[in-house]
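Chain by chain, the residues:
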Amino acid sequence: MRQRQLATALVALGVVLLTDVLRVWLPGIITIFGQAASTPAELMGAFALGWFVLALAAPALIRRAGSRPVTLAAAALLAGTRLALTATPGGRTQLWLATAGLVAGLVWLAGTAATTERPVPGLAVGLAVAAAGHAVLDTYDLVWWGRWEAWLVSAVLVVLFLAGHARRPVPWGSGGARAWLLAGPALLLAGMVALSPGLARTANSYLQGDPGVARSPLLGLAPLPVAVAVFLVAALTGAFVSSPWARAGGPAALLAGAVLFALDRGNLLLPALLLTAVGLGACLARTGAGPVAGTGGPAVDAGHTAHGPAADGSAVDGEATAGRAPAAGAARAGARRAYAATAGMLVFALAAVAYYSAYDLGYPNGWVPVAVAGLVAAVALTAGPVGDPAPRALPPVRTTAAVTALALLAPLVADDVAVVGNRSGPPARLTVAAYNIRMGFGLDGRLDLPGLAGILRRQDPDVVVLSEVDRGWLLNGGHDTLDLLADRLGMAYVFAPAADPLWGDAVLSRWPVTAPRTLPLPAVGAPTGAQALAVTVDLGDGVRPAVVSTHLQPPPGRQPVVQARAVAEFATAYAGGRPLVVAGDMNTEPGDAAFAEFTRAGLVDALAAARPLPTSPADRPREQIDHVFVTPGLRPGDVAAPPGTASDHLPVVVTLTLPPA
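Residues numbered from 1 in each chain as written. Predicted model: local features only at pLDDT ≥ 70, side-chain atom pairs only at ≥ 80, totals over all residues. Heavy atoms only, no water.

**Q** Give a detailed account of the sheet that holds strand β12 (residues 546-551), specifying residues and quantitative values.
**A** Sheet architecture is open: six strands sit in the order β10-β11-β12-β13-β15-β14, paired in mixed fashion. Where the open sheet ends on each side, the last strands, each with one partner, are β10 (513-520) and β14 (604-605). As judged from the two bridges shared by β14 and strand β15 (residues 626-630), these two strands associate in the antiparallel manner. Bridge pairing in β15 links D605 to F629. Strands in contact with helix α20 (residues 561-575) are β10, β11 (531-537), β12 and β13 (580-585); relative to β10, the strand with the most contacts, it is inclined by about 155 degrees. Across the face of the sheet, helix α21 (residues 593-600) comes into contact with β13, β14 and β15 while running at roughly 20 degrees to β15. (Pairing = 2+ DSSP bridges. Helix = DSSP H or I, 4+ residues; strand = E, 2+ residues; numbered from the N terminus. Contact = heavy atoms within 4.5 Å. Axes fitted to C-alpha atoms, helices over the stretch in contact; angles between N-to-C directions.)

**Q** Please provide a residue-by-residue account of the pattern of salt bridges, values included.
**A** In total, this model carries 15 salt bridges according to the counting rule given. The shortest N-O distance in the salt bridge between D480 and R201 comes to 3.3 Å. Of this pair, D480 sits in the loop between β7 (463-470) and α19 (481-489) while R201 sits in helix α11 (residues 197-205), and the two are 279 residues apart along the sequence. Like D480, the residue R201 is buried in the burial classification. Of the charged contacts, one joins D210 and R215 as a salt bridge, the two residues approaching to 2.3 Å between their closest N and O atoms. Accessibility classification places D210 together with R215 in one group, the buried group. Among the charged side chains, a salt-bridge network with shared partners connects D138, R201, D415, R471, D480 and D483. (Salt bridge = Lys/Arg side-chain N within 4 Å of Asp/Glu carboxyl O. Buried < 20%, exposed > 50% of the residue type's maximum accessible area, 1.4 Å probe, protein only.)

**Q** Which residues make up the packing of aromatic side chains, and what values do they have?
**A** Counted under the stated rule, the structure contains 17 aromatic pairs. Judged by centre distance (6.2 Å) and plane angle (80 degrees), the rings of W144 and F441 are edge-to-face. Within this pair, whereas W144 is found in helix α7 (residues 142-145), its partner F441 is found in the loop between β6 (429-436) and α18 (449-459), the two being separated by 297 residues in sequence. For W144, a relative accessible area of 4% corresponds to the buried category. By relative accessible area, F441 is classed as buried at 0%. (Phe/Tyr/Trp six-rings, centres within 6.5 Å; stacked < 30°, edge-to-face > 60°.)

**Q** Kindly report on the confidence of the model for the chain, identifying the contributing residues and their values.
**A** When the pLDDT values of the chain are averaged, the result is 89; 90% of them are 70 or greater. Below a pLDDT of 50 lies the segment residues 291-325, which in the model reaches 73 contacts outside its immediate sequence neighbourhood of four places, other chains included. (pLDDT = per-residue confidence, 0-100.)

**Q** Quick one: what's the story with the packing of helix α1 (residues 2-33) against helix α6 (residues 120-136), residue by residue and with numbers?
**A** In contact at an axis separation of 7 Å, α1 and α6 are set at 45 degrees when each is read in the N-to-C sense. Between α1 and α6, the angle falls in the class oblique. Crossing hand, α1 versus α6: right-handed. Within the contact between the two elements, α1 uses T8, V11, A12, V15, V16, T19 and R23 and α6 uses P121, G122, L123, V125, G126, L127, V129, A130 and H134. Considered class by class, the residues forming the contact of α1 with α6 number ten nonpolar, five polar and one charged. (Parallel < 35°, antiparallel > 145°, perpendicular 65-115°, else oblique. Left-handed = near helix turned anticlockwise from the far one by under 90°. Nonpolar A, V, L, I, M, F, W, Y, C, P; charged D, E, K, R; others polar.)

**Q** Give me the lowdown on helix α5 (residues 91-115), citing residues and values where you can.
**A** Its 25 residues place the ends of α5 37 Å apart at the C-alpha level, agreeing with the 36 Å of an ideal helix rising 1.5 Å per residue. For α5, the buried fraction is high: 20 of the 25 residues fall into the buried class. (Expected span 1.5 Å × (residues − 1).)

**Q** Account for the environment of L430, naming residues and giving values.
**A** The topology assignment puts L430 in strand β6. Expressed as a C-alpha distance, the spacing of L430 and D462, which sit 32 residues apart in the sequence, is 6.1 Å. Every residue in contact with L430, bar those within four places of it in the chain, is listed here: D462, V463, W511, L539, P545, V654, T655, L656 and L658.

This is the structure in structure tokens:
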């Protein structure tokens with residue numbers, strides 16, 4: 001029993017460390033290996049998939065060298081790279097460290113699978129703890145902190161992980177391949193939907209009363225503890241494997257949640273989260289339960305094995321017992337589990353690449369989470385008659401309560417209350433900043449929310465217009481960059497989706513914001529969606545200028561003329577004669593046809609006095625593609641493009657003198 005508990009704890013710790021590495025490695029594909037839109041999506045996808053294909057050689061290596069030495073070496077490399085990532089300055093060093101950690105994690109997973117028949121408790125607890133910890137940190141990873149607290153917690157995790165490998169593992173039996181096959185798909189569905197803190201807060205922020213847009217919520221992370229609780233209850237208690245209708249209910253819930261997520265509607269994210277969580281837990285429990293007496297194959301208990309070479313290649317003394325697997329059979333079963341684990345992680349990589357590359361290549365991607373959920377459901381439904389004659393590795397109720405208690409800290413310690421209307425008004429002038437934040441990642445490939453906030457804070461803006469805002473994409477590490485930045489600036493936000501409900505544009509304001517509206521823009525051949533978000537900023541005493549945030553996406557080789565015209569018409573109609581500001585990354589330069597659509601609509605280039613004012617790329621700016629347009633009654637001054645490399649763009653800032661009330 002102690003051996004089983006140790007193995008479960010090691011699987012959980014390994015999943016937490018591997019998830020940490022993935023949150024660094026996945027964004028590195030885009031921000032370090034890839035360079036904005038200049039690197040073909042096919043090349044980035046091939047780079048990502050190559051390492052998972054390479055890991056398919058791990059089971060053969062394990063059979064040749066033995067699982068113990070391979071697993072120990074991989075565990076040491078995974079732990080070492082996880083610590084080193086906290087100190088890396090970014091750039092290529094960060095990418096290759098994370099890649100080494102990824103490969104080590106995949107090999108460790110295969111080695112652990114070779115000697116662990118019942119991984120479900122460890123997988124479930126690891127996924128839940130990783131999600132709860134990420135939520136408590138407000139989706140800002142320990143890796144990016146660099147403070148002594150981050151080093152301390154990271155070191156404790158690593159020491160516990162390595163210390164647990166000091167004991168020699170014992171093969172538990174001949175089953176477990178199905179459960180290990182689901183490790184990769186479960187990691188994908190948990191990080192993308194079921195246990196994503198970013199998605200949980202975003203789902204909550206869409207329920208604030210304005211259709212189609214999201215606002216700063218109170219206790220935005222509250223859905224996450226619920227998702228963690230139902231996931232663990234389903235995975236650890238076996239509640240969904242006790243009867244035929246319950247066994248079908250888990251896969252049905254999982255598929256329903258994946259379909260709701262694929263519909264790309266903000267008001268469906270919350271039911272998608274909860275249904276996927278309970279369904280994923282139930283499917284894992286189904287594959288992790290032991291065979292009903294008399295129906296399953298031979299099994300080896302945690303403290304016993306047959307005489308002969310064990311699955312880890314070492315000699316283990318013991319007596320063969322009737323009904324127990326012979327050593328050769330245990331070795332073959334271990335190999336099957338190792339291949340299943342690596343194949344499942346390849347499914348993770350294929351699905352992630354297929355889903356997110358769609359935003360570059362322009363094909364529908366909603367089928368991807370549904371297909372992965374269908375695979376998980378099919379594996380669960382074909383698992384055969386199940387029971388659970390073996391003692392549980394963890395007490396399910398106490399384990400669920402402990403991890404849920406950790407998750408419950410998130411709404412209390414990580415959710416700040418937005419502050420608006422904290423200045424006497426109306427003011428004589430309004431400072432507006434527009435910033436393409438590249439999902440929060442700087443030119444060095446590190447998540448740099450302090451850098452973004454510092455640049456903006458020095459400008460003391462009243463309103464901030466943001467482009468390329470990510471609120472929980474697994475590809476970008478699952479961070480809610482909008483909430484993280486809004487907390488640092490002490491501003492409330494309104495968010496509108498562009499590519500999907502988690503990626504789009506936002507307006508942050510120190511003043512109350514009313515009447516938000518969003519307009520989806522014509523795609524005109526550009527794969528990434530685009531929109532225009534209009535809000536009214538209430539400055540008091542009837543002074544209510546309109547602000548429109550947009551990020552134009554030009555069709556290949558052409559100007560975003562159609563989108564620019566649509567934004568100009570939408571903005572002027574929304575303002576209805578009131579003062580108007582239109583700002584964002586327009587992907588057009590002064591004198592271009594798309595730029596002229598705004599001036600043709602009667603708007604004025606608020607940055608004209610300071611031109612040329614290049615803003616991209618941030619380290620060597622040469623393109624003037626970030627703009628602020630205003631109605632003639634607003635007089636611009638103090639134009640600036642503050643330097644910095646916290647994004648691949650520079651922000652543009654302008655102070656507008658308001659017309660007399």
